[in-house]
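The lines below spell out each chain.
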Amino acid sequence: MDYRRTYIRDILQTTPPAEVSAYGWVKTRRDSKGIHFVQISDGSCFTDLQVVIEDGVMPEETLKKITIGACARFDGTLVESPAAGQSVELKASGVQIYGEADPSEYPMQKKRASFEFLREHAHFRTRGNTFGAVFRMRDKLSWAIHKFFEERNFLYVHTPIITTSDCEGAGEMFGVTTLDMQNLPTQNGGVDYEKDFFGKPAFLTVSGQLGVEAFTLAFTNCYTFGPTFRAENSNTPRHLAEFWMIEPEMAFCDIEGNMNLAEEMLKYLIRFLLDECEDDLRFFNKWIEPAVIETLEHVAASEFARISYGEAIELLKKSGESFEFPVYWGADLQTEHERFLTEKELKKPVIIIDWPKEIKPFYMRVNDDDKTVRGMDVLVPRIGEIIGGSQREERLNVLTQRIKECDLDEKDYRWYLDLRKFGSAPHSGFGLGLERMMMYVTGMKNIRDVIPFYRVPGSAEF
RNA sequence: UGCCGCGUAGCUCAGUGGUAGAGCAGCUGACUGUUAAUCAGCGGGUCGUAGGUUCGAGUCCUACCGCGGCAGCCA
């Protein structure tokens, strides 16, 4: 057996008649007197291959083993289908069953299952229509991201997963240790981290940003694409404890250039998926999110709105809406505010810049008004924040001052400050959440359904 | 983490104080081409867990566990 495989995707494109072997998992089966119809999928495309088995082609006992979930190879002739529903079908002459699936125990059924149920069977949900489409799209999206940056000469850099910097500034972190939790070494009443693997407390990264900034000040345009970990006790359809993030960073680039890249990238990715994932998108459009295709077409073709935080506040104030949270200059935008702006007021993606410095991290570049910083949030309808980024503070004295203002310890940022001390440059970057993007392009409503095996508070099965 | 809702057959759900139900799936059979195939029959339940109220609890009360929605934290 060789890895080279004729996928069902290829078989469906083959001109009949042709002798073929099709490998796959049984999706559904229908019987009539003397004839049996089996639909199989190998995950290579949305459409299943219909295998037709006439009585006498194989023993009764073999036929009985061809049930939903079973894995087999079907040999036979690809012929034009005489019935509606498919243009070609495989007239079977033989079968090799690799793995049976006892129908009285196999949890997946012909019937449509709820997403909640499928989450508990994440190792099988991949065999269905929805998750087949989801993970084919995820593959294409990931690939398109690399293609986008490669075409623009960005250097792909792998920033570390483990960090000893507990000050990456993006939320609670998971600890990483080899110490025996039942028997912790102590010193002066506390844990003696000198005995730990790295000689000090270590964590899983919450962002590759600080590392990629260092690379940018040597390689100019860079990006990371990797997993990120946040130990926040977040229980929403938009949050994961482990998720994937794309973080580009550009030297000699200000907030304008940053916005341009963000908009160009989102449009590029959407265009790519519209071109490459037609069948899967048609499925989402029909069953998951009506008009998702139209929305994507529209977004790919139109300009994003770009407004300042101050303008956003004004729009909200004169909206006439009764918001639960008060709107005033200095307040952070709540979900209800974001939704109003993207879904009602502007009806398209919007980039909001120039935020009050009090509600943004220390590393964002301070504007001349000394009240706002050059942060940018890209909000899209239905999802909310899909990108968060900024022009970075490149001036040593200002950055030092900001670290003080934010009650952080300067010596924790030694190498980060060094980058401003020696050969600093204006630079900008942002983070795009891969799963948020997946939700946007598929229309899936829960982030747990666009990642293979999700990790959230209280749950890391599979 | 807070607020709200839901846990009943393999799945989806009805049952609102008095002998536990339906559809689908499964099994058996029928049907010469099905497309969520159709038709007939059959089996299937400590009603999330632990207490409590009551003559009597799936149903009412309390706690806990699990899931979902909204919100916060953010990508």
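Residues numbered from 1 in each chain as written. Chains lettered and ligands numbered in written order. Predicted model: local features only at pLDDT ≥ 70, side-chain atom pairs only at ≥ 80, totals over all residues. Heavy atoms only, no water.

With that settled, consider the overall build of chain A. A tally of regular secondary structure across chain A gives 14 helices and 18 strands. For chain A, the C-alpha atoms occupy an extent of roughly 85 × 60 × 45 Å along the three principal directions. For chain A, the residues scored as buried account for 49% of the 462 residues in total. Contacts in chain A between residues far apart in sequence, at least 24 positions, make up 67% of those at least 6 positions apart. With the model as given, the accessible surface of chain A reaches about 23,100 Å², and the carbon-plus-sulfur share is 50%. Seen as two clouds, the 55 positive and the 73 negative side-chain charges of chain A have centres 3 Å apart. (Helix = DSSP H or I, 4+ residues; strand = E, 2+ residues; numbered from the N terminus. Buried < 20%, exposed > 50% of the residue type's maximum accessible area, 1.4 Å probe, protein only. Contact = heavy atoms within 4.5 Å. Areas by Shrake-Rupley, 256 points an atom, 1.4 Å probe, with all protein chains shown as cover. Lys, Arg positive; Asp, Glu negative; His and termini not counted. Charge placed at Lys NZ, Arg CZ, Asp CG, Glu CD.)

If you trace the three strands from one edge of the open sheet to the other, you get β7-β11-β8, paired in antiparallel fashion. Each edge of the sheet is formed by a strand with only one pairing partner; in this case those strands are β7 (162-163) and β8 (175-176). Two elements, β7 and strand β11 (residues 202-204), share two bridges in a ladder whose sense is antiparallel. Directly across from T163, in β11, lies its bridge partner F203. (Pairing = 2+ DSSP bridges.)

Take the protein's contact with RNA strand B next. Surrounding RNA strand B, one finds 46 residues, the nearest of these being K33, A84, N233, H239 and R436. Among all atoms of RNA strand B positioned within 4 Å of the protein, those belonging to sugar or phosphate total 49%. A distance of 3.2 Å separates a base nitrogen of RNA strand B from a polar atom in the backbone of N235. Elements supplying a minimum of two residues to the surface near RNA strand B: β1 (18-32), β2 (35-41), α3 (115-119), β13 (242-251), β17 (384-391) and β18 (427-433). Within the surface near RNA strand B, the residues separate by chemical class into 14 nonpolar, 18 polar and 14 charged. (Near = heavy atom within 4 Å. Polar contact = N/O pair within 3.5 Å; in protein donor to acceptor, adjacent residues only side chain to side chain. Nonpolar A, V, L, I, M, F, W, Y, C, P; charged D, E, K, R; others polar.)

Consecutive residues of a regular strand have side chains that alternate between opposite faces of the sheet. Bridging between β1 and strand β4 (residues 71-80) involves eight bridges; their strand directions are antiparallel. When the bridges of β4 are listed, A18 appears paired with L78.

Let's shift gears to the packing of helix α5 (residues 129-151) against helix α14 (residues 434-442). Two quantities define a packed helix pair, namely the angle between the helix axes and the distance between the axes. The N-to-C vectors of α5 and α14 enclose an angle of 120 degrees; their axes lie 11 Å apart at closest approach. With respect to α14, the axis of α5 lies oblique. Once α5 is placed against α14, the crossing between them reads as right-handed. Only L434, E435, M437, M438, V441 and T442 of α14 make contact with α5, whose side of the interface consists of V134, M137, R138, L141, S142 and I145. (Axes fitted to C-alpha atoms, helices over the stretch in contact; angles between N-to-C directions. Parallel < 35°, antiparallel > 145°, perpendicular 65-115°, else oblique. Left-handed = near helix turned anticlockwise from the far one by under 90°.)

Right, let's talk about the side chain of K360 for a bit. Relative to the elements of secondary structure, K360 occurs in the loop between β15 (350-356) and β16 (372-380). Setting aside residues no more than four positions away along its own chain, K360 makes contact with W355, V373, D377 and R402.

Moving on: the domain arrangement of chain A. If you check the domain split of chain A, you get domain 1 (8-106) and domain 2 (127-170 + 206-449). On the domain 2 side, the residues contacting the nine residues of domain 1 number seven residues. With both sides pooled, the region where domain 1 packs onto domain 2 buries about 690 Å², and carbon together with sulfur makes up 50% of that total. At the junction of domain 1 and domain 2, the tally comes to zero salt bridges. Where domain 1 meets domain 2, there are four residue pairs in polar contact (both at pLDDT 80 or more). (Domains from an automatic or database assignment. Buried area = accessible area lost by both parts, 1.4 Å probe. Salt bridge = Lys/Arg side-chain N within 4 Å of Asp/Glu carboxyl O.)

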